[in-house]
Amino acid sequence: MSGRAMWRWPTLPTAWEEEVWSCSWCYASTHVGGEYFEVVRPPYSPVDMRWERAVADGLTATVSHAFGIFDRTLCGIQVAGMSPSDYWWLPERENACNPCRYMAGVIDGRWPQALRGEDVRVSVARRL
């Protein structure tokens, strides 16, 4: 984790009590608990493979926004019922939101170079 403030995702209680926390600085999500009680941080993904396209009534169809976290786009638009689509948000597309593109670059720059390899997925399981 980056040592920055984290946001806890609202989750319904389950038998396994998994919590999902997202870093307010680098947007990495950390999963704590679950069936195997793991602490898991996903591996680094490049900008064009990290963000899904945001979908919601009220977003214009002519501009493509990146879905961030907590029902907000990377540029800060918040619309009730917003969700990520099944499609990548591609910053190189002509209709990509410029402020989303800028924030995606800023967030990408926050990932330490040492944590960008394919084998740097962090997973620590509790021994039973």
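All residue numbers here refer to positions counted from 1 along the written sequence of the relevant chain. Whole-chain, interface and lining totals are the exception, using all residues; otherwise, since this is a predicted model, local features are given only for residues with pLDDT of at least 70 and side-chain atom pairs are given and counted only at 80 or more. Only hydrogens and water are removed before side-chain values are computed, so all heavy atoms of the structure are retained for them.

## A look at the confidence of the model for the chain
- A residue's pLDDT is the predictor's confidence in that residue, given on a scale from 0 to 100. Looking at the chain as a whole, the pLDDT averages 80, with 75% of positions reaching at least 70.
- Helix numbers and strand numbers start at the N terminus; a helix is a DSSP run of H or I with at least 4 residues, a strand a run of E with at least 2. Of all the helices and strands in the chain, strand β7 (residues 122-125) carries the lowest mean pLDDT, 58, while strand β5 (residues 52-55) carries the highest, 95.

## Focus: the pattern of salt bridges
- By salt bridge we mean one thing: a side-chain nitrogen of Lys or Arg within 4 Å of a carboxyl oxygen of Asp or Glu. Taken as a whole and assessed by the stated rule, the structure comprises one salt bridge.
- A salt bridge links R50 to D108; the shortest N-O distance between them is 3.1 Å. In this pair, R50 is assigned in the loop between β4 (38-41) and β5 and D108 in helix α1 (residues 98-110), connecting sequence segments 58 residues apart.

## What about the side chain of H65?
- With respect to the helices, strands and loops of the structure, H65 is situated in the loop between β5 and β6 (83-88).
- Categorising residues by exposure relies on relative accessible area from a 1.4 Å probe, with only protein chains included: less than 20% of the type maximum marks a residue as buried, more than 50% marks it as exposed, and the intermediate range marks it as partly exposed. The buried category is assigned to H65, whose relative accessible area is 7%.

## Structural notes on α1
- Between the first and last C-alpha of α1 there are 19 Å, a value that for 13 residues agrees with the 18 Å anticipated at 1.5 Å per step.
- Among all positions of α1, only C100, A104, I107 and D108 are buried. Angular distribution of buried residues about the axis of α1 spans 100°; they occupy a single face of the element. For α1, the exposed residues lying more than 90 degrees away from the buried face are N98, Y102 and G109. Each residue after the first adds 1.5 Å to the expected span of a helix. Think of the arc as the fan of directions from the helix axis to the C-beta atoms.

## Here's the deal with the packing of aromatic side chains
- When two rings of Phe, Tyr or Trp (its six-membered ring) have centres within 6.5 Å they constitute a pair, described as stacked for plane angles under 30 degrees, edge-to-face for angles over 60, and tilted for the intermediate range. Tallied over the entire structure, the rule returns one aromatic pair.
- Taking the centre distance of 5.7 Å and the plane angle of 65° together, the rings of Y44 and W111 count as edge-to-face. Here W111 lies in the loop between α1 and β7 and Y44 lies in the loop between β4 and β5, a separation of 67 residues in the sequence. Comparing Y44 with W111, the two get one shared label, buried.

## Let's talk about the nonpolar core
- Grouped together as the largest cluster of nonpolar side chains are 17 residues, with contacts concentrated most on W51, L74 and W89.
- As used here, the term nonpolar core means buried Ala, Val, Leu, Ile, Met, Phe, Trp, Tyr and Cys residues forming a set that is joined through side-chain atoms within 4.5 Å. If you look at the next biggest cluster of nonpolar residues, it comprises six residues, including A54, F67, V79 and M82.

## Considerations on the pairing of strand β2 (residues 19-23)
- Examined bridge by bridge, β2 and strand β3 (residues 29-33) share four bridges and lie antiparallel to one another. Looking at β3, one finds that V20 is bridged to H31.
- Once β2 ends, the chain turns through five residues before running back antiparallel as β3, passing Y27 with a positive phi of about 65°. Here, strands pair whenever DSSP counts at least two bridges between them.

## Side note on the environment of D57
- For D57, the location among the structural elements is in the loop between β5 and β6.
- Separated by 25 residues in the primary sequence, D57 and M82 have C-alpha atoms spaced 7.7 Å apart.

## Quick look at the layout of surface pockets
- In this analysis a 1.4 Å probe is tested at points of a 1 Å grid over the protein atoms alone, and where it fits but cannot get out there is a cavity; an open set with protein on both sides within 12 Å along at least five of seven lines is a pocket; lining residues have an atom within 4 Å of a point. Grid points are joined across faces, edges and corners, and a volume is the space filled by probe spheres set on the points. Roughly 380 Å³ of volume is contained in the largest pocket.
- Every residue lining the largest pocket is counted, 19 residues in all, and those nearest its centre are Y27, S29, R50, W51 and E52.
- Along the lines of polarity and charge, the residues of the lining of the largest pocket split into 14 nonpolar, three polar and two charged. Three classes are used, and their members are as follows: Ala, Val, Leu, Ile, Met, Phe, Trp, Tyr, Cys and Pro are nonpolar, Asp, Glu, Lys and Arg are charged, and the others, Gly among them, are polar.

## Examining the state of the cysteines
- Pairs of cysteine sulfur atoms within 2.5 Å are what we label disulfides. Tallied over the entire structure, the rule returns zero disulfides.
- No disulfide involves C97; its sulfur sits 3.7 Å from the nearest other cysteine sulfur, which is in C100.
- Look at C97 and you get buried, because its relative accessible area is 6%.
- The closest cysteine sulfur to the non-disulfide-bonded C100 is located on C75, 3.7 Å from its own sulfur.
- The class for C100 is buried, based on a relative accessible area of 0%.

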